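# Coordinate inspection notes
Chain residues, written in single-letter form:
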Amino acid sequence: MSTEWIPKVRQKYSKLVGYWNVEIGGLNQVIHIWEYDSLSHRAQVRRSLAADTTWLDSFVKPSFPCLAHQDTCLLELTHAFPAMVKESPDSDTYYYALLSTNGKFQTMKDNPPVSRIVGCYRPLIGDINMQYVLIQMESVDTVVDIAKLWKEKTEKDAKVKFMNPLSFSPLQ
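Rules behind the numbers
Residues numbered from 1 in each chain as written. Predicted model: local features only at pLDDT ≥ 70, side-chain atom pairs only at ≥ 80, totals over all residues. Heavy atoms only, no water. Helix = DSSP H or I, 4+ residues; strand = E, 2+ residues; numbered from the N terminus. Contact = heavy atoms within 4.5 Å. Polar contact = N/O pair within 3.5 Å; in protein donor to acceptor, adjacent residues only side chain to side chain. Expected span 1.5 Å × (residues − 1). Buried < 20%, exposed > 50% of the residue type's maximum accessible area, 1.4 Å probe, protein only. Arc of directions from axis to C-beta. pLDDT = per-residue confidence, 0-100. Salt bridge = Lys/Arg side-chain N within 4 Å of Asp/Glu carboxyl O.

### Re the environment of Ser-169
By secondary structure assignment, the location of Ser-169 is in the segment after strand S7 (159-165). In this structure, the C-alpha to C-alpha distance between Ser-169 and His-32, residues 137 residues apart in sequence, is 8.9 Å. Setting aside chain neighbours within four positions, we find Ser-169 in contact with Leu-16, Gly-18 and Tyr-19. Engagement of the side chain of Ser-169 in a polar contact is seen with the backbone nitrogen of Tyr-19, the distance being 3.0 Å.

Below is the structure:
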């Protein structure tokens, strides 16, 4: 469902930042980040999607039986860094980790060399005590090193989700 209708229909209303399937740290989860100019822009996008019968019939209605729970929060990008780019469309995709904590954390400047911080986020609406860090990795094995480092750098309640980008995700 997603691989067909997200690129064809949903992305004409707002910019997709990234779309991932969580492999470890929360089974059957999908994480996606969309960019909006403002809450008014987001509201207009939601109205447009609600009026789009192709979107409703081809994606929303078939998705409902698969949906058990959904969390939505408004995130503010606090730090952005350039992502690594694939050398060619045929090269391997990168792997991602979404790190979260509801405590303070020390800088992650000593990341393993095969990883890169893509962005740091804080919620404006939602669980406003959380902090998120999106990390891009060249190797699947790096997630273990990242998880250990995150546990050392956070005060409490550190969580790590290991994610794979879907084929249409801008972050690959």
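### Quick word on helix H2 (residues 39-51)
Over its 13 residues, H2 extends 18 Å from the first C-alpha to the last, a length consistent with the 18 Å expected when each residue adds 1.5 Å. Listed as buried for H2 are Val-45, Ser-48 and Leu-49. Burial along H2 is one-sided: seen end-on, the buried residues are contained in an arc of 100 degrees. Exposed residues on H2 whose side chains face more than 90 degrees from its buried face are Ser-40, Ala-50 and Ala-51.

### What about the confidence of the model for the protein chain?
Chain-level statistics for the protein chain give a pLDDT mean of 84 and a share of 84% at 70 or above. Per-element averaging of pLDDT across the protein chain places helix H1 (residues 2-8) at the bottom with 72 and H2 at the top with 95.

### So, helix H3 (residues 53-63)
All of the buried residues along H3 are Trp-55, Ser-58, Phe-59, Val-60 and Ser-63. Projection of H3 onto a plane perpendicular to its axis shows the buried side chains occupying an angular sector of 155 degrees, all on one side. Opposite the buried face of H3, at more than 90 degrees from it, the exposed residues are Thr-53 and Lys-61. At the N-terminal boundary of H3, the capping side chain belongs to Asp-52, with an oxygen 3.0 Å from the backbone nitrogen of Thr-54.

### With respect to the pattern of salt bridges
Taken as a whole and assessed by the stated rule, the structure comprises four salt bridges. In this structure, Asp-57 engages Lys-61 in a salt bridge whose closest nitrogen and oxygen atoms are separated by 3.0 Å. Of this pair, Asp-57 and Lys-61 both sit in helix H3, four residues apart, which is roughly one turn of the helix.

### A short note on the environment of Gly-126
When you line up the elements, Gly-126 lands in the loop between strand S5 (115-125) and strand S6 (131-137). Exposure remark for Gly-126: the relative accessible area of 46% places this residue in the partly exposed category. Considering only alpha carbons, one finds Gly-126 and Asp-71, 55 residues apart in sequence, at a separation of 8.4 Å.

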